[in-house]
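# Understanding the architecture of this molecule
Below are the chains, spelled out letter by letter.
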Amino acid sequence: MSQDRIVSFYESVTNFFNKAAQFTSHPEGLLKQIQVCNAVYRTLFPVKIGDEVRVIEAYRVQHSHHRTPTKGGIRYSINVTQEEVMALATLMSYKCAIVDVPFGGAKGGVKINPWDYTPDVLERITRRYTTELIARNFIGPSVDVPAPDYGTGEREMAWIYDTYRTFKGADIDAAGVVTGKPVNQHGIRGRKEATGRGVYYGAREACNIPEDMKKLGLSTGLKNKRMIVQGLGNVGSYTAMISQDEGGAIIVGIGEFEGAIYNPDGFNIHEVMKFRQENGSILGFPGAQSIPKEKRESILEYDCDILVPAALEEVINYKNAARIKAKIIAEAANGPITSRAEEILLDAGKLIIPDVYLNAGGVTVSYFEWLKNLSHMRFGRLEKRFDQQRLEKLVQMVEREVGRLVSDEEKAMIARGADEIDLVRSGLEETMINAYHQIRKEKEDNPKIPDLRTAAFVNAINKISNDYMAMGIFP
Ligand code: GLU
């Protein structure tokens, strides 16, 4: 949905790419190959709804085949267009490269409003869409692996897996055809929270660098930073909950479809979510100022330290960019800032933590899920007990040597083997911290690189270019 009539989402992404390409020394042909979408599939298929047959428009775009499978979510939204899916697929390639997830980028889109349909109809649409992808070889554990995105979730992923299995039952790796599945359908613990948790790790890392915070006039650390989250979907809700519970951030504002709420002293995000569940709306939440639906986007302009756009693209555009008060903008959504808005924000000295890095937690844990599916075994199954017994022995030895008993609480902390969820979180945390320092270093090493997004794109372009060079296609 374009609110910035002058630059489309796809053009914005292309502008970001071109801005970064100047800081690399690759031949033009190679840069072009890294920029373009390699394959675009558009299909129109019939679905019977009641007595009527509706023609559904759908896409799957594979942006880059430099690594396979390609990977990226499927979006259900009435605003889906070919250009939008192309922009999102493009971001996926760079995102995967930045966090060292060995996939090319892809994205799917089905042009429907999922809230208009019953689960029964959504199931028919999902299964038919999957069948179309199978028929054109646009899906498969080693070809292209979808995942949830806006308007889809575990339920849709289970339907996709089941449809694929119906056709390709002999494929022993069939469960790896899609990620974000329910845990009891070959999913992985920690995938649902992964994007939000990744946003938390990334924002925390950015706030932990004293010199960067000093430049913004902020104290070091996420603790007590005032945060506004726009969008309480899967990504926004986990970002808010984990940032509050584990990072000590103060949530001062929430934006949603029905309106927004703001309280400069902060509120408890769990209470807000419970209130919404009970009342069907966040509006009227006790102690907070309620902002009606028509003005809901003004929440982006309220006073806070960290603004987290966690819904859709282009919400910060040339019209409102100059009014943004937050010093840090943490892009949890894909493409929430247009390229024109970015210039305005950078001129105003803001720190933008870019989507291609910050929301990569989802695809990172998708990678873990895919690996689990291919290995046919839960992470931790082999070593958990072994580790636990070894650590128990160690604790006993220390107790003997020191002559003091370790408390049960301490023992439970030290002498335990890792479960799947522990390993997933640890792998995600490591990935997000590592990648942040990689892109920050890219910027530090080349003072001409003006911002973190450009640094992230440079990092991605260089990594993808290395793959192409290794193939020997480019001299
Ligand atoms: N749709 C998510 C994204 O935009 C997740 C993609 C995936 O897990 O493959 O990053």
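Before any of the text, the structure's been laid out above.
Residues numbered from 1 in each chain as written. Predicted model: local features only at pLDDT ≥ 70, side-chain atom pairs only at ≥ 80, totals over all residues. Heavy atoms only, no water.

## Digging into the overall build of the protein
Each helix and strand counted, the protein has 16 helices and 12 strands in total. The buried share of the protein, taken over its 475 residues, is 57%. Of the contacts formed within the protein by residues at least 6 apart in sequence, a portion of 70% connects residues at least 24 apart. Accessible surface for the protein amounts to roughly 20,500 Å². Of this, 51% is attributable to carbon and sulfur atoms. (Helix = DSSP H or I, 4+ residues; strand = E, 2+ residues; numbered from the N terminus. Buried < 20%, exposed > 50% of the residue type's maximum accessible area, 1.4 Å probe, protein only. Contact = heavy atoms within 4.5 Å. Areas by Shrake-Rupley, 256 points an atom, 1.4 Å probe, with all protein chains shown as cover.)

## Some remarks on the site of the ligand
Every one of the 14 residues lining the ligand counts as a neighbour, but Lys71, Lys95, Pro148, Asp149 and Ser366 are closest to it. Contacts to the ligand include Arg191, whose side-chain N or O atom sits 3.0 Å from an oxygen atom. One of the side-chain N or O atoms of Ser366 is found 2.6 Å from an oxygen atom in the ligand. For the ligand, whose accessible area on its own is 300 Å², the fraction buried by protein is 95%. Partitioned by chemical class, the residues of the shell around the ligand number 4 nonpolar, 5 polar and 5 charged. (Near = heavy atom within 4 Å. Polar contact = N/O pair within 3.5 Å; in protein donor to acceptor, adjacent residues only side chain to side chain. Nonpolar A, V, L, I, M, F, W, Y, C, P; charged D, E, K, R; others polar.)

## Details of the pattern of salt bridges
As enumerated under the stated definition, the model contains 39 salt bridges in all. For Lys107, the salt bridge identified is with Asp149, shortest N-O distance 2.9 Å. One end of the pair, Lys107, is in strand S4 (residues 104-110); the other, Asp149, is in the loop between strand S5 (144-148) and helix H5 (154-167), with 42 residues separating them in the sequence. One exposure class covers both Lys107 and Asp149, and it is buried. The closest approach of N and O atoms between Arg276 and Glu256, which form a salt bridge, is 3.1 Å. Linking Arg276 in helix H9 (residues 269-279) with Glu256 in strand S7 (residues 250-256), this pair joins segments that are 20 residues apart in sequence. Of the residues examined, Arg276 reaches a relative accessible area of 26% and is grouped as partly exposed. Ionic contacts of the salt-bridge type, sharing partners, join the residues Arg75, Glu84, Lys107, Asp149 and Glu313 into one network. (Salt bridge = Lys/Arg side-chain N within 4 Å of Asp/Glu carboxyl O.)

## Side note on the packing of helix H3 (residues 82-98) against helix H16 (residues 452-471)
The contact between H3 and H16 brings their axes to 8 Å, and the two run at 85 degrees. The orientation of H3 relative to H16 falls into the category roughly perpendicular. Taking contact as the criterion, the partners of Leu91, Ser93, Tyr94, Ala97 and Ile98 in H3 are, on H16, Ala456, Phe457, Asn459, Ala460, Lys463 and Ile464. Looking at the contact of H3 with H16 residue by residue, the classes come out as 8 nonpolar, 2 polar and 1 charged. (Axes fitted to C-alpha atoms, helices over the stretch in contact; angles between N-to-C directions. Parallel < 35°, antiparallel > 145°, perpendicular 65-115°, else oblique.)

## Section: the environment of Ser290
Tracing the backbone shows Ser290 in strand S9 (residues 289-292). Judged by its relative accessible area of 35%, Ser290 falls in the partly exposed class. When the C-alpha positions of Ser290 and Gly104 are compared, they lie 43 Å apart, and in sequence the two are 186 residues distant. Those residues in contact with Ser290 that lie beyond four places of it in its chain are Ala260, Ile261, Leu283, Gly284 and Phe285.

## Considering helix H15 (residues 420-445)
Taking 1.5 Å of rise per residue, 26 residues should cover 38 Å, and H15 covers 37 Å from first to last C-alpha, within 8% of that figure. Those residues of H15 that fall on the buried side of the exposure criterion are Glu420, Val424, Gly427, Leu428, Thr431, Met432, Ala435, Tyr436, Ile439 and Arg440. (Expected span 1.5 Å × (residues − 1).)

## Some remarks on the nonpolar core
Formed by 93 residues in total, the largest nonpolar core has its most connected members in Ile254, Val308, Ile328 and Tyr357. Here this core gets 11 residues from one element, more than from any other, and that element is H3. Apart from the residues lying within four places of it in its own chain, the contact partners of Tyr357 are Ile98, Gly202, Met432, Ala435, Tyr436 and Ile439. Counting 29 residues, the second-largest nonpolar core is a separate cluster that includes Phe45, Ile112, Met157 and Tyr164. (Core = buried A, V, L, I, M, F, W, Y, C linked by side-chain atoms within 4.5 Å.)

## Comments concerning the side chain of Thr239
Among the secondary structure elements, Thr239 is positioned in helix H8 (residues 234-245). Assessed through its relative accessible area of 0%, Thr239 is described here as buried. Only 2.7 Å separates the side chain of Thr239 from the backbone oxygen of Val235, close enough to count as a polar contact. Setting aside residues no more than four positions away along its own chain, Thr239 makes contact with Gly196, Val199 and Val308.

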